[in-house]
Amino acid sequence: MANGQWFPQDWPERIRALADGTLTPVVPKRAATVMLLKDTTAGPVVHMLRRRASMAFAGGAYAYPGGGVDPRDDDHQIRWAGPTRAWWAERLGVDEAEAQAIVCAAIRETYEEAGVLLAGPAPDSVVGDTTGEDWEADREALVARDVSFAEFLERRGLVLRSDLLGAWTRWITPEFEPRRYDTWFFVAALPEGQRTRNASTEADRTVWIGPAEAAASYDKGELLMMPPTIATLRQLTPYDTAGEALEAAPARDLTPVLARARLDGDEIVLSWPGHDEFTKHIPTGGAPA
């Protein structure tokens, strides 16, 4: 392929099955992912991980820390700093319990996969170092789902810093995919004193990279990415600092982006509304063009 767009080989068959009514769409699971930024002399860079080639979903593709929502975080009352749950509910288009769980998922996944924790002992503070053995034991317990993120925060006496997140966009996995996610993308800045590491068992590499550089590598076919990833990288390129991106987040449209597949003569046309670069024309008996 000319660029690094991730395209599973079974998509044409599944798209045809959806079109003729023999495929029933899977209900998408709630998820959250975070574009973690830090400033450099050359501009902001974003933390990305490469999913292991053995992964069933998007193996080998570059992505951001992220994962599914834990329903245990829906209604557990936690110490909370920043915009209220009601504000987040309106911003994310969900109820207050769901809003809390989605924000918890974003911060939990950043901690689980990058070792960065957007929480502190007070509403205006952030934990300075999460590299000790006791922190690692807690992180592993979260990964194993032995404890919920709300329980972890409560036991540690920590305040969740929702003010350090900005909701950026929302994408829903296409209806023909066997694994579907309704994913909210957030932006955040690396807290002072903390550092990232590859803490994910799902990734074999992590990088800090400028959005424009990553997009150029995608365009050359050097980096494999899913449409939401490259789309958000392109959206980040105008900003000169992480702070500018965070300031822009509240005004961004969170209308969900959902791929559409339609039959047009002897081909299937796959498109993502508002993102023409991802359009694919799939002959009924051939590979995508």
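Quick note: structure is the one above.
Here the structure is a predicted model, which means the values were calculated and not measured.

What counts, and at which threshold
- Throughout, a residue's number is its position along its own chain's written sequence, starting from 1.
- The model is predicted, so local features are restricted to residues of pLDDT at least 70 and side-chain atom pairs to those at 80 or more, both for listing and for counting; the totals for chains, interfaces and linings are taken over all residues.
- The basis for every side-chain value is the complete set of non-hydrogen atoms in the structure, without hydrogens or water.
- Each residue gets one of three labels from its accessible area relative to the maximum for its type: buried under 20%, exposed over 50%, partly exposed in between, using a 1.4 Å probe on protein chains only.
- Here a helix means four or more residues in a row that DSSP labels H or I, a strand means two or more in a row labelled E, and each is numbered from the N terminus.
- A strand pair is defined by DSSP finding two or more bridges across the two strands.
- Under this scheme, a helix contributes an axis fitted over its contacting stretch, all axes are lines through C-alpha atoms, and angles between N-to-C directions fall in the 0 to 180 degree range.
- Among buried residues, the Ala, Val, Leu, Ile, Met, Phe, Trp, Tyr and Cys ones that are joined through side-chain atoms within 4.5 Å form a nonpolar core.
- It is the directions from the helix axis to the C-beta atoms that the arc portrays.
- Throughout, a contact is declared for two residues whenever any of their heavy atoms are within 4.5 Å.
- Two rings belonging to Phe, Tyr or Trp (six-membered ring only in the last case) form a pair when the distance between their centres is within 6.5 Å. Interplanar angles under 30 degrees mark stacking, angles over 60 mark edge-to-face geometry, and anything in between is tilted.
- The rule is short: NZ of Lys or CZ of Arg within 6 Å of the ring centre and within 35 degrees of the ring normal puts a charge over the ring.

J.: Would you mind going over the pairing of strand 2 (residues 43-51) with me for this structure?
T.: Where a strand is regular, its side chains alternate between the two sheet faces. Judged by how many residues are buried, strand 2 sits mostly within the fold: eight of nine residues are covered. Examined bridge by bridge, strand 1 (residues 29-40) and strand 2 share four bridges and lie antiparallel to one another. The residue bridging Thr 40 from the neighbouring strand is Gly 43, located in strand 2. Examined bridge by bridge, strand 2 and strand 3 (residues 62-63) share two bridges and lie antiparallel to one another.

J.: Quick question: what am I supposed to make of the sheet that holds strand 7 (residues 159-161) here?
T.: Sheet strands pair via backbone hydrogen bonds, and the direction of the pair is either parallel or antiparallel. Spatially, 5-7-6 is the arrangement adopted by the three strands of the open sheet, whose pairing is mixed. Taken across any chain shown, the strands that pair with only one partner, and hence form the sheet edges, are strand 5 (80-81) and strand 6 (119-120). Across two bridges, the pairing between strand 5 and strand 7 is parallel. Paired with Ala 81 across the strands is Arg 161, a residue of strand 7.

J.: Any chance you could explain the sheet that holds strand 12 (residues 260-264) here in plain terms?
T.: The strand order across the open sheet built from three strands is 12-13-14, with neighbouring strands paired in antiparallel fashion. Taken across any chain shown, the strands that pair with only one partner, and hence form the sheet edges, are strand 12 and strand 14 (275-283). Between one strand axis and the next, the sheet turns by 20° as a mean value, whatever way the strands run. Where strand 13 (residues 267-272) meets strand 14, five bridges bridge the pair, whose relative direction is antiparallel.

J.: What's the story with the nonpolar core in this structure? I'm lost.
T.: Nonpolar side chains in soluble globular proteins generally cluster together in the buried interior. Ranked by size, the top nonpolar core spans 40 residues in total, and within it Leu 92, Leu 117, Leu 165 and Phe 186 carry the most contacts. Elements supplying a minimum of two residues to this core: strand 1, helix 2 (85-92), helix 3 (96-114), helix 4 (133-143), helix 5 (149-156), strand 8 (165-172) and strand 9 (181-189). Per-element tally for this core: the top contributor is helix 3, with 10 residues. With 36 residues, the next largest nonpolar core counts Val 46, Phe 185, Ala 242 and Trp 272 among its residues.

J.: Would you mind showing me how to read helix 2 here?
T.: Side chains three or four residues apart in an α-helix point the same way, a direct result of the helix having 3.6 residues per turn. The set of residues buried in helix 2 consists of Arg 85, Trp 88, Ala 89, Arg 91 and Leu 92. Buried residues in helix 2, looked at end-on, bunch into an arc of 165°, giving them a common side. On its buried face, helix 2 is in contact with strand 5, helix 3, strand 8 and strand 9. Of the residues flanking the end of helix 2, it is Gly 93, one or two places downstream, whose phi is positive at about 75°.

J.: Which parts of the structure should I look at to understand the packing of aromatic side chains?
T.: Geometrically, a pair of aromatic rings is defined through the distance of the ring centres and the angle of the planes. The final tally for this structure, using the stated rule, is 10 aromatic pairs. Measuring from ring centre to ring centre gives 6.5 Å for Trp 171 and Phe 278, while their planes differ by 70°; the resulting arrangement is edge-to-face. Here the residue Trp 171 occupies a position in strand 8, and Phe 278 occupies one in strand 14, the gap between them amounting to 107 residues. By the burial criterion, Trp 171 is buried, and Phe 278 matches it. Directly above the aromatic system of Trp 135 lies the positively charged group of Arg 156, at a separation of 3.7 Å from the ring centroid.

Function cannot be inferred from these measures alone, as they are strictly geometric.
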